[in-house]
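# A structural walkthrough
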Amino acid sequence: MKRNVLIIGAGGVAHVVAHKCAQHNAALGHIHIASRTLSKCQAIIDSIHEKGRLQQAGQLTAHALDAMDIEATKFLIRATHSQIVINVGSPFLNMSVLTACLETGAAYLDTAIHEDPDKVCETPPWYANHEWKRRQACKDAGVTAVLGVGFDPGVVNAYARYALDHCFDRVDSIDIIDINAGQHGRYFATNFDPEINFREFTSTVWSWENGAWKANAMFEHRKDWDMPVTGVSTTYLTGHDELHSLSQNLGVPNIRFWMGFGEHYINVFTVLKNLGLLSERPVRTARGLEVVPLEVVKAVLPDPASLAPDYTGKTCIGDLVKGVKNGQPEEVLIYNVCDHEACYQEVGSQAISYTAGVPAVAAALLIANGTWDVGQMVNVEELDPQPFIALMNTMGIVSRIQDREGDRLLDPAPQLSNAQRPLRRAQAR
Ligand code: NDP
């Protein structure tokens, strides 16, 4: 049993994580929120009290922290007796926070791959450049580190594992499809940190094709998908975190990521990019000021968390998996639909933050009760997906499956302990 949670960051995703931790504080214990800006942490705590959703009386405390400072982070983990750290700050923090967890023994969770400020779109498999270098250290210290446990990466990795284990004898391809059919009513905004959002799309698109990495340009490959609830949407082949681990862990020859984009987003993005305003390289202004164009663009765009009150419509994100079952071709879609307005009603956030934050808390609960407390570093597809999917069904992220038998709730078997379900392996090739 692990108790007491330290949440790092006070942005859109941290807001959801804090609300969901508060709704489950009987199992999680004291909840601490730490970010550079103390007032943002306090505002999240105030919003939890306003909603009145604290499951039982308990501590909710705000802290000022620069999480790049490993010693300060270690001190806070120890001072708060936190045994679980949910890192939902900027992905630039991952390696510092992971180091602090390794040195204090706290379990570590994050929702995005580590980023270096001056490197955009690193060479695959990107996890090997940073996080996976600490695998042995985690194992030696018996520290649980669950990487990328938001929705994508995160839930989509669990869907891939579920399909591999339960729906197929052999999987040939996984297409991850991410559609946001919502409207925020602003001229232009990104749904999470603009700096991170743009960095995803400004360079090479890496996909896993026929068991090897294939490079494409952004917006080179377009495909329309008819998804449940959100209907027909246009997507583009995009590079994404989960391809870097799924390609190495599953033994599936084709894994691609498709992100939905409207024409307006592409037009604005293209103008910003062609003007050099999405560059991570500093430039000097006529007055001698050194600025990073991407940081300036971030500063003038709406804060993603501020979109929530006016957001309408739904998201649909899922895995379309193709392969063979009992000698016959088989095709399965596993997906979730999330409603922006319902998320706002429940926790005061939009669906992108909600779908990223809820899985991280479900994972924290599974670490707290021992089910996912594996004492080593893993990506989500290396863990048993069943307790995760079953728990999220009760926490606001409902999974559905569509196959030749129709469309229905994906309600996996009841939770089993980790001892009963060892870590998962790749399919035989
Ligand atoms: P925001 O930009 O809204 O929030 C980031 C937070 O990080 C801010 O509150 C900021 O705090 C904090 N932060 C930055 N630097 C530091 C530092 N040195 N020390 C302490 N805190 C710091 O981002 P989001 O909430 O939208 O996203 C959070 C994470 O979730 C990102 O990694 C993002 O990529 C990921 N994500 C994952 C998704 C998924 O499905 N897997 C989907 C959406 C997001 P302050 O303002 O106080 O400086």
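An account of the accompanying structure is given in this report. Computed from a predicted structure; not experimentally measured.

A tally of regular secondary structure across the protein gives 14 helices and 19 strands. The C-alpha atoms of the protein give a radius of gyration of 20 Å, which matches the 22 Å a tight globule of 429 residues would have. Along the longest, intermediate and shortest principal axes, the C-alpha atoms of the protein span 60 × 55 × 40 Å. Taken over 429 residues, the protein has a buried fraction of 60%. Of all intrachain contacts in the protein linking residues separated by at least 6 positions in sequence, the fraction that spans at least 24 positions is 73%.

As a further point, take the pairing of strand 5 (residues 107–110). Alternating residues of strand 5 divide into A107 and L109 and Y108 and D110, and every residue in both groups is buried. Remark: the strand 4 (residues 84–87)/helix 5 (residues 94–104)/strand 5 crossover connection has right-handed handedness. By the bridge criterion, two bridges tie strand 5 to strand 6 (residues 145–147) in an arrangement that is parallel. Across the sheet, residue L109 finds its bridge partner in strand 6, namely V146. Chirality of the crossover, the property in question, places the unit of strand 5, helix 6 (residues 135–141) and strand 6 among those that are right-handed.

Now for the site of the ligand. Taken together, 27 residues are adjacent to the ligand, and V13, S35, R36, T37 and K40 come closest. The separation between an oxygen atom of the ligand and a polar main-chain atom of G89 is 3.2 Å. Notes on the ligand: free accessible area 930 Å², of which the protein chains cover 91%. Residue classes in the shell around the ligand are distributed as 14 nonpolar, eight polar and five charged.

Looking now at the sheet that holds strand 1 (residues 5–8). Judged by pairing direction, the sheet is parallel, and its seven strands sit side by side in the order 3-2-1-4-5-6-17 without closing on themselves. Of all the strands in the sheet, just strand 3 (60–64) and strand 17 (377–379) have a single pairing partner and so form its edges. Each adjacent strand pair in this sheet contributes to an overall mean axis angle of 20°, direction not counted.

We now examine the nonpolar core. Formed by 109 residues in total, the largest nonpolar core has its most connected members in I7, I86, F198 and F388. Aside from chain neighbours lying at most four places away, what touches F198 is F188, T190, Y265, F269, L272, L278, L294, V297 and L301. Ranked by size, the runner-up nonpolar core spans 26 residues in total, among them I8, L98, Y108 and I113.

Take the pairing of strand 15 (residues 314–325) next. Of all 12 residues in strand 15, nine are buried; the element is thus mostly enclosed. Here 10 bridges tie strand 7 (residues 170–180) to strand 15, and the two strands are oriented antiparallel to one another. Residue N180 lies in a different strand from strand 15, and its bridge partner there is T315. As paired strands, strand 15 and strand 16 (residues 328–339) are joined by 12 bridges and run antiparallel to one another. If you follow D319 over to strand 16, its bridge partner there is I334. Adjacent in sequence and paired antiparallel, strand 15 and strand 16 are bridged by two residues, among which N326 carries a positive phi angle near 50°.

What follows covers the packing of helix 7 (residues 155–166) against helix 14 (residues 385–393). Direction vectors running N to C along helix 7 and helix 14 enclose 125°, while the axes themselves pass 9 Å from each other. One element, helix 7, and the other, helix 14, form an angle in the oblique class. Once helix 7 is placed against helix 14, the crossing between them reads as left-handed. The residues of helix 14 that touch helix 7, namely those facing V155, A158, Y159, R161, Y162 and H166, are P385, Q386, F388, I389 and M392.

For the rest of this paragraph, the subject is a nonpolar patch on the surface. A surface patch of nonpolar side chains, about 270 Å² in accessible area, is lined by V271, L275 and L277. Among the structural elements, V271 can be located in helix 10 (residues 263–274).

For the rest of this paragraph, the subject is the packing of aromatic side chains. This model, assessed by the stated rule, comprises 17 aromatic pairs. These aromatic residues form a ring-pair network of at least three members: F188, F198, F201, F219, Y236, F261, Y265 and F269. In this structure, K223 packs its charged tip against the face of W225, placed 4.9 Å from the ring centre.

Residues T73, K74, L76 and I77 constitute the buried set of helix 4 (residues 70–79). One face of helix 4 carries all of its buried residues, which in axial projection span an arc of 165°. The exposed residues of helix 4 that point more than 90 degrees off its buried face are E71 and F75. On the buried face of helix 4, the contacting elements are strand 1, strand 2 (31–35), strand 3, strand 4 and helix 5. Between the side-chain oxygen at the start of helix 4 and the backbone nitrogen of E71 there is a gap of 3.2 Å, and the oxygen is on D69. Just beyond helix 4, the residue with positive phi is H81, at close to 55°.

In the structure shown here, the tally under the stated rule is 19 salt bridges. A salt bridge links K74 to E103, with the shortest nitrogen-to-oxygen separation between them at 2.7 Å. Taken together, the residues K74 in helix 4 and E103 in helix 5 connect sequence positions 29 residues apart. Take K74: its relative accessible area is 10%, and that puts it in the buried class.

About the thresholds
- Residues numbered from 1 in each chain as written.
- Predicted model: local features only at pLDDT ≥ 70, side-chain atom pairs only at ≥ 80, totals over all residues.
- Heavy atoms only, no water.
- Helix = DSSP H or I, 4+ residues; strand = E, 2+ residues; numbered from the N terminus.
- Rg over C-alpha atoms; globule rule 2.2 N^0.38 Å.
- Buried < 20%, exposed > 50% of the residue type's maximum accessible area, 1.4 Å probe, protein only.
- Contact = heavy atoms within 4.5 Å.
- Right-handed = clockwise from strand over helix to strand, strands pointing away.
- Pairing = 2+ DSSP bridges.
- Near = heavy atom within 4 Å.
- Polar contact = N/O pair within 3.5 Å; in protein donor to acceptor, adjacent residues only side chain to side chain.
- Areas by Shrake-Rupley, 256 points an atom, 1.4 Å probe, with all protein chains shown as cover.
- Nonpolar A, V, L, I, M, F, W, Y, C, P; charged D, E, K, R; others polar.
- Axes fitted to C-alpha atoms, helices over the stretch in contact; angles between N-to-C directions.
- Core = buried A, V, L, I, M, F, W, Y, C linked by side-chain atoms within 4.5 Å.
- Parallel < 35°, antiparallel > 145°, perpendicular 65-115°, else oblique.
- Left-handed = near helix turned anticlockwise from the far one by under 90°.
- Patch = residues over 30% accessible without salt bridge, like charges linked within 9 Å, V, L, I, M, F, W, Y side chains within 5 Å.
- Salt bridge = Lys/Arg side-chain N within 4 Å of Asp/Glu carboxyl O.
- Phe/Tyr/Trp six-rings, centres within 6.5 Å; stacked < 30°, edge-to-face > 60°.
- Lys NZ or Arg CZ within 6 Å of the ring centre and 35° of its normal.
- Arc of directions from axis to C-beta.

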